[in-house]
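Descriptive analysis of the structure
So the chains spell out like this:
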Amino acid sequence: MPIPTIYTENRKVYIIDQTLLPIEKKYIEIKDKKEMWDAIKRLKIRGAPAIGIAAAFGVWLGVRNFKGSFNEFMKRFEEVCSYLATSRPTAVNLFWAIDRMKNLISKSNTENVEELKELIFNEARNMIDEDNMVCRAIGENGVSLIKDGYSLITHCNAGGLATAMYGTALAPIYIAKERGYNIHVWVDETRPLLQGARITAFELVEADIPATLITDNMAAFVMYQGRVNMAIVGADRIAANGDTANKIGTLGLAILAKEFGVPFYVAAPISTIDLKTKEGIDIPIEERGPDEIIKGFGKQTAPSNINVYNPAFDVTPARYISGIITEKGIITPPYRENIQKLFS
Ligand code: MRU
């Protein structure tokens with residue numbers, strides 16, 4: 001059973017602090033909207049679907065102690081939503097979750113503030129259950145692409161810790177394991193914040209799935225050696241034409257996969273598809289501070305006054321993607337038409 005990323009107990013919200021992994025498995029209580037904003041910004045909770053759920057709980061934390069009139073409540077609610085929306089820009093699930101809360105409130109037919117707070121809390125909790133079902137369905141759909149004996153490669157962490165529990169890119173791998181397949185996973189370390197080494201490697205070891213950690217610049221060589229049958233990654237935002245933003249380094253992996261004839265799949269819930277974003281170039285890409293590169297994890301490895309460019313994500317053009325595995329099935333090219341069909 002994968003470990004939960006976020007849960008509630010006695011109306012308290014807890015997350016596993018992913019900045020401490022793999023050394024420490026520690027749950028922390030998030031008490032207010034500021035703490036949730038901070039947890040998202042600092043990657044204590046990360047991964048597109050998990051960020052969405054975190055934002056949903058953040059909305060509740062931001063209004064739960066509110067006392068006042070309906071109009072004052074609505075003002076506070078809007079402020080909290082706008083505030084949380086500034087935490088990270090790329091994963092569309094954050095905005096999807098906030099919009100979902102806004103729709104919930106605008107469609108509700110009560111002006112009773114306590115009832116509205118309760119609706120928000122229940123919606124956030126439902127998102128956890130839904131995410132579990134969605135990820136399970138992604139896994140069931142994705143496992144059809146995996147054959148017994150396969151060696152897969154993944155980048156960053158799109159496992160249980162990037163969602164409520166099961167993951168997207170790792171879900172088909174977990175199901176393959178359940179079915180007794182003999183599989184192996186190459187884990188890209190994922191510079192600069194090492195989500196592959198710290199989180200994916202941790203998850204796969206916990207799940208007893210054979211895995212080998214490599215630094216990002218080794219992926220080309222293992223593909224050249226013919227040791228990879230399939231690449232599978234998650235997504236932070238998929239544009240209407242299938243172009244996909246995911247952790248920096250994904251684009252390089254996709255280009256390598258094409259060169260070496262390795263099928264390259266993206267696994268994501270349909271909440272990660274953003275029809276309002278026409279193509280990849282329109283996706284806002286988060287840039288993070290220089291210290292993550294100059295002195296990652298506290299050790300200085302470059303002159304402190306060197307210029308640094310640190311985009312947290314890149315965009316893989318749709319032409320490199322063999323298929324997008326969703327809970328509703330596997331989308332194949334032509335993406336613009338087939339994504340449109342899925343939504344209509
Ligand atoms: O910066 P992070 O750790 O939030 O980046 C996470 C990723 O890029 C994941 O691959 C993506 O969010 C998909 S998670 C199912």
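Presented here is a report on the structure given in the accompanying data block.

**Overview of a nonpolar patch on the surface**
Taken together, the side chains of Phe221, Tyr224 and Phe260 make up a nonpolar region of the molecular surface, amounting to roughly 350 Å² of accessible area. Relative to the helices and strands, Phe221 is located in helix α8 (residues 219–224).

**Some thoughts on the nonpolar core**
Counting residues in hydrophobic clusters, the biggest one holds 43 residues, and the most contacted among them are Ile6, Met36, Phe57, Phe77, Met101 and Ile120. Elements that contribute at least two residues to this core include exactly β2 (12–16), β3 (27–30), α1 (33–41), α2 (48–63), α3 (70–84), α4 (92–107) and α5 (113–143). In terms of residue count, the dominant contributor to this core is α2 (12 residues). If we ignore the near neighbours within four places in the chain, the residues touching Ile120 are Val59, Trp60, Val63, Phe73, Phe77, Met101, Leu104 and Ile105. Counting residues in each nonpolar core, the second largest holds 27 residues, with Ile214, Val233, Ala257 and Ala318 among its members.

**Focus: the pairing of strand β7 (residues 230–233)**
The alternating pattern of β7 places Met230 and Ile232 and Ala231 and Val233 on opposite faces, both of which are buried. Looking at chain direction, strand β4 (residues 151–154) and β7 are connected through 2 bridges and run parallel. Considered in β7, the bridge of Ile153 is made with Ala231. The pairing of β7 with strand β10 (residues 264–267) spans 3 bridges and is parallel. From the neighbouring strand, Ile232 faces β10, where its bridge partner is Tyr265.

**Looking at helix α6 (residues 171–178)**
The buried fraction of α6 amounts to 6 of the 8 residues, a majority that puts the element mostly inside the structure. Of the positions making up α6, those classed as buried are Ala171, Pro172, Ile173, Tyr174, Ile175 and Ala176. Where α6 is buried, its residues contact α5, β4, β5 (184–188), α7 (195–206) and β7. Positive phi appears at Gly180, one or two residues downstream of α6, with a value of about 85°.

Rules used throughout
- Residues numbered from 1 in each chain as written.
- Predicted model: local features only at pLDDT ≥ 70, side-chain atom pairs only at ≥ 80, totals over all residues.
- Heavy atoms only, no water.
- Patch = residues over 30% accessible without salt bridge, like charges linked within 9 Å, V, L, I, M, F, W, Y side chains within 5 Å.
- Areas by Shrake-Rupley, 256 points an atom, 1.4 Å probe, with all protein chains shown as cover.
- Salt bridge = Lys/Arg side-chain N within 4 Å of Asp/Glu carboxyl O.
- Helix = DSSP H or I, 4+ residues; strand = E, 2+ residues; numbered from the N terminus.
- Core = buried A, V, L, I, M, F, W, Y, C linked by side-chain atoms within 4.5 Å.
- Buried < 20%, exposed > 50% of the residue type's maximum accessible area, 1.4 Å probe, protein only.
- Contact = heavy atoms within 4.5 Å.
- Pairing = 2+ DSSP bridges.

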